[in-house]
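Residue-level structural notes
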Amino acid sequence: MITASDPWQGHNFAALFPILIAGAVTVLSLTVYLCTRFTRQARRRYTPFAVWRDVSLATTAVALALYLWGCLHVLFLEDQEQAEECERQRPEGTPTLVGRRGDFIPLRLVCEASDGRDYSVIIPDYINPTVAVLLLLTLACALTSALLHQGQLTTTRKKG
């Protein structure tokens, strides 16, 4: 049994599995929705704010898919394999390992050394920075969409 004070705990499977299921359903739903936006009828009704909204949703879907890809790296490795990876990637001059922890934000598996240093393994290095950039892009697109939509509503009210 793993307790909260156990220094050798990785990612909690009870949290990881629902994240993977909910994330996969969300990515699939966003993908289906975005594909419906390519129909002839949907393209005729496109407004600038709708384009920015859909770009925001697309970047969200890509960021979530990339995050889930990182989660899959953790899911398919057992505790022993994670420990072996910590040993294999231990930087030269790093003393013995004293623990391992799994973080969900940012997504990483951290190996802790006795000198207080730690290092990440298993999760590809490109996952977290790319997810961060995509989420910033999502936010920028969503704000642009909201501002354009607000401008359209203001213009409609002035005409009416």
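Refer to the preceding data block for the structure.
Residues numbered from 1 in each chain as written. Predicted model: local features only at pLDDT ≥ 70, side-chain atom pairs only at ≥ 80, totals over all residues. Heavy atoms only, no water.

**Section: the overall build of the chain**
Secondary structure summary: the chain contains five helices and three strands in total. In the chain, the succession of helices and strands from N to C terminus is α-α-α-α-β-β-β-α. In terms of overall size, the chain is more extended than a compact globule, its C-alpha atoms giving a radius of gyration of 22 Å where 160 residues would be expected to give roughly 15 Å. Viewed in the frame of its principal axes, the chain has a C-alpha envelope of about 70 × 25 × 25 Å. Residues counted as buried form 29% of the 160 residues belonging to the chain. Long-range contacts, defined here as pairs at least 24 residues apart, represent 60% of the contacts in the chain between residues at least 6 apart. Surface accessibility of the chain: about 10,200 Å² in total, with carbon and sulfur atoms responsible for 65%. The centroid of the 15 positive side-chain charges in the chain is displaced by 28 Å from the centroid of its 14 negative side-chain charges. (Helix = DSSP H or I, 4+ residues; strand = E, 2+ residues; numbered from the N terminus. Rg over C-alpha atoms; globule rule 2.2 N^0.38 Å. Buried < 20%, exposed > 50% of the residue type's maximum accessible area, 1.4 Å probe, protein only. Contact = heavy atoms within 4.5 Å. Areas by Shrake-Rupley, 256 points an atom, 1.4 Å probe, with all protein chains shown as cover. Lys, Arg positive; Asp, Glu negative; His and termini not counted. Charge placed at Lys NZ, Arg CZ, Asp CG, Glu CD.)

**Section: the side chain of R100**
Looking at the secondary structure, you find R100 in strand β1 (residues 97-103). We classify R100 as buried; its relative accessible area is 4%. Among the polar contacts made by the side chain of R100, one reaches the side chain of Q82 at a distance of 3.5 Å. Ignoring anything within four residues of it in the chain, the contact list for R100 reads P7, W8, Q9, G10, D79, Q82, A83, C86, L109, V110 and E112. (Polar contact = N/O pair within 3.5 Å; in protein donor to acceptor, adjacent residues only side chain to side chain.)

**Brief notes about the state of the cysteines**
One pass over the full model with this rule turns up one disulfide. Of the cysteine sulfurs around C71, a residue in no disulfide, the closest is that of C111, at 17 Å. Just so you know, C141 is unpaired, no disulfide at all, and the nearest cysteine sulfur is the one on C35, 18 Å from it. Judged by relative accessible area, which is 3%, C141 ranks as buried. (Disulfide = S-S within 2.5 Å.)

**Side note on the sheet that holds strand β3 (residues 118-121)**
Strands sit in the order β1-β2-β3 across an open sheet of three strands; the sheet is antiparallel. Looking at strand neighbours, the two that pair on one side only are β1 and β3, the edges of this open sheet. If you compare each strand with its neighbour and ignore which way they point, the axes differ by 25° on average. Relative to β3, strand β2 (residues 108-113) runs antiparallel, the two being bridged by four bridges. (Pairing = 2+ DSSP bridges. Axes fitted to C-alpha atoms, helices over the stretch in contact; angles between N-to-C directions.)

**Side note on unusual backbone geometry**
Note the cis peptide between I105 and P106, where omega equals -10°. In this structure, P106 sits in the loop between β1 and β2. A positive phi angle, near 75°, is found at I122, a position not held by glycine. Tracing the chain through its elements places I122 in the loop between β3 and α5 (127-159). The class for I122 is buried, based on a relative accessible area of 16%.

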